[in-house]
Amino acid sequence: QVQLVESGGGLVQAGGSLRLSCAASGSIFSINAMGWYRQAPGKQRELVATMTTGDRTNYADSVKGRFTISRGNAKNTVYLQMNSLKPEDTAVYYCNAVLNRTPSRVESEYWGQGTQVTVSA
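These lines cover the structure that appears in this document, whether it is placed above or below. Just so we're clear, the structure is a prediction, and the values are computed from it rather than from any experiment. (Residues numbered from 1 in each chain as written. Predicted model: local features only at pLDDT ≥ 70, side-chain atom pairs only at ≥ 80, totals over all residues. Heavy atoms only, no water.)

## What to know about the sheet that holds strand 7 (residues 67-71)
The strands making up a sheet are joined through hydrogen bonds of the backbone, oriented either antiparallel or parallel. Formally: Strands qualify as paired when DSSP identifies two bridges or more between them. Strands here mean DSSP runs of E at least two residues long; helices mean DSSP runs of H or I at least four residues long; both are numbered from the N terminus. Between N-to-C directions, angles cover 0 to 180 degrees, with each direction set by a line fitted to C-alpha atoms, over the stretch in contact for helices.
Pairing within the open sheet is antiparallel, and its four strands lie in the order 1-3-8-7. With partners counted over all chains shown, the strands left at the sheet margins are strand 1 (2-7) and strand 7, one partner each. Each adjacent strand pair in this sheet contributes to an overall mean axis angle of 15°, direction not counted. As judged from the five bridges shared by strand 7 and strand 8 (residues 77-82), these two strands associate in the antiparallel manner. The residue of strand 8 that forms the bridge with phenylalanine 67 is methionine 82.

Below is the structure:
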């Protein structure tokens, strides 16, 4: 089994910063991509930032220049540094991983349990 454990959410004032962390553990052969998605009340889950093999990154336009995604040295962790936070960033943030559990090319996708980020005006 594979687990993604997130941490780092909380309440912050507008303009403040938070850093989210996510660690993947379990039966993992290789991780092809890790990233962050978010879901605000009444809205669909949306991509925030992803990082693929080779450290290629992709950001939602709404967070470019404010958020930075990075991987840990062990490559099974991913971080999201969020600066200049706005009330509209308020959401549950979910860690996502696309990985191979065996040397085959079969990919599986996993999600963390989510961590709440609340930005007050």
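Having seen the model, we can carry on.
## Some remarks on the nonpolar core
Note the threshold: Take the buried residues of types Ala, Val, Leu, Ile, Met, Phe, Trp, Tyr and Cys, join any two whose side-chain atoms come within 4.5 Å, and each joined set is a nonpolar core. Note on exposure labels: buried denotes an accessible area under 20% of the residue type's maximum, exposed denotes more than 50%, and partly exposed covers the range between, all computed with a 1.4 Å probe on protein chains only.
With 31 residues, the main nonpolar core has Trp36, Leu80, Met82 and Tyr93 as its most contacted residues. Elements supplying a minimum of two residues to this core: strand 1, strand 3 (18-26), strand 4 (30-39), strand 5 (46-52), strand 7, strand 8, strand 9 (91-100) and strand 11 (115-120). Looking at which element gives the most residues to this core, the answer is strand 9, with five residues.

## Examining unusual backbone geometry
The phi angle at aspartate 55 is positive, at roughly 60°, despite the residue not being glycine. Note on placement: aspartate 55 falls in the loop between strand 5 and strand 6 (56-59). A positive phi angle, near 50°, is found at serine 84, a position not held by glycine. Relative to the helices and strands, serine 84 resides in the loop between strand 8 and strand 9.

## Examining the pattern of salt bridges
The criterion, for reference: Salt bridges are defined by distance alone: a side-chain nitrogen of Lys or Arg within 4 Å of a carboxyl oxygen of Asp or Glu.
By the definition in use, this model includes five salt bridges. Across the salt bridge formed by arginine 38 and glutamate 46, the nearest N and O atoms sit 2.7 Å from each other. Judged by relative accessible area, arginine 38 falls into the buried class, the value being 5%. A salt bridge links lysine 64 to aspartate 61, with the shortest nitrogen-to-oxygen separation between them at 3.1 Å. For aspartate 61, a relative accessible area of 64% corresponds to the exposed category. One network of salt bridges, in which partners are shared, links Arg38, Glu46, Arg66 and Asp89.

## Describing the environment of alanine 74
Relative to the helices and strands, alanine 74 is located in the loop between strand 7 and strand 8. Overall, the relative accessible area of 60% leaves alanine 74 in the exposed class. For the pair formed by alanine 74 and alanine 23, sequence separation is 51 residues and the distance between their alpha carbons is 9.8 Å.

## Some words on the state of the cysteines
As a reminder, the rule being used: We call a pair of cysteine sulfur atoms a disulfide whenever their separation is within 2.5 Å.
Within the structure shown, the criterion is met by one disulfide. The disulfide that involves cysteine 22 links it to cysteine 95, with 2.0 Å between the sulfurs. Residues cysteine 22 and cysteine 95 are joined through a disulfide that is left-handed, its torsion about the S-S bond being -80°. Note that cysteine 22 is positioned in strand 3 and cysteine 95 in strand 9, a separation of 73 residues in sequence.

## Description of the pairing of strand 10 (residues 107-111)
Bridge count between strand 9 and strand 10: five bridges; the pairing is antiparallel. Note that in strand 10 the partner of alanine 97 across the bridge is tyrosine 110. The hairpin formed by strand 9 and strand 10 contains six residues between the paired strands.

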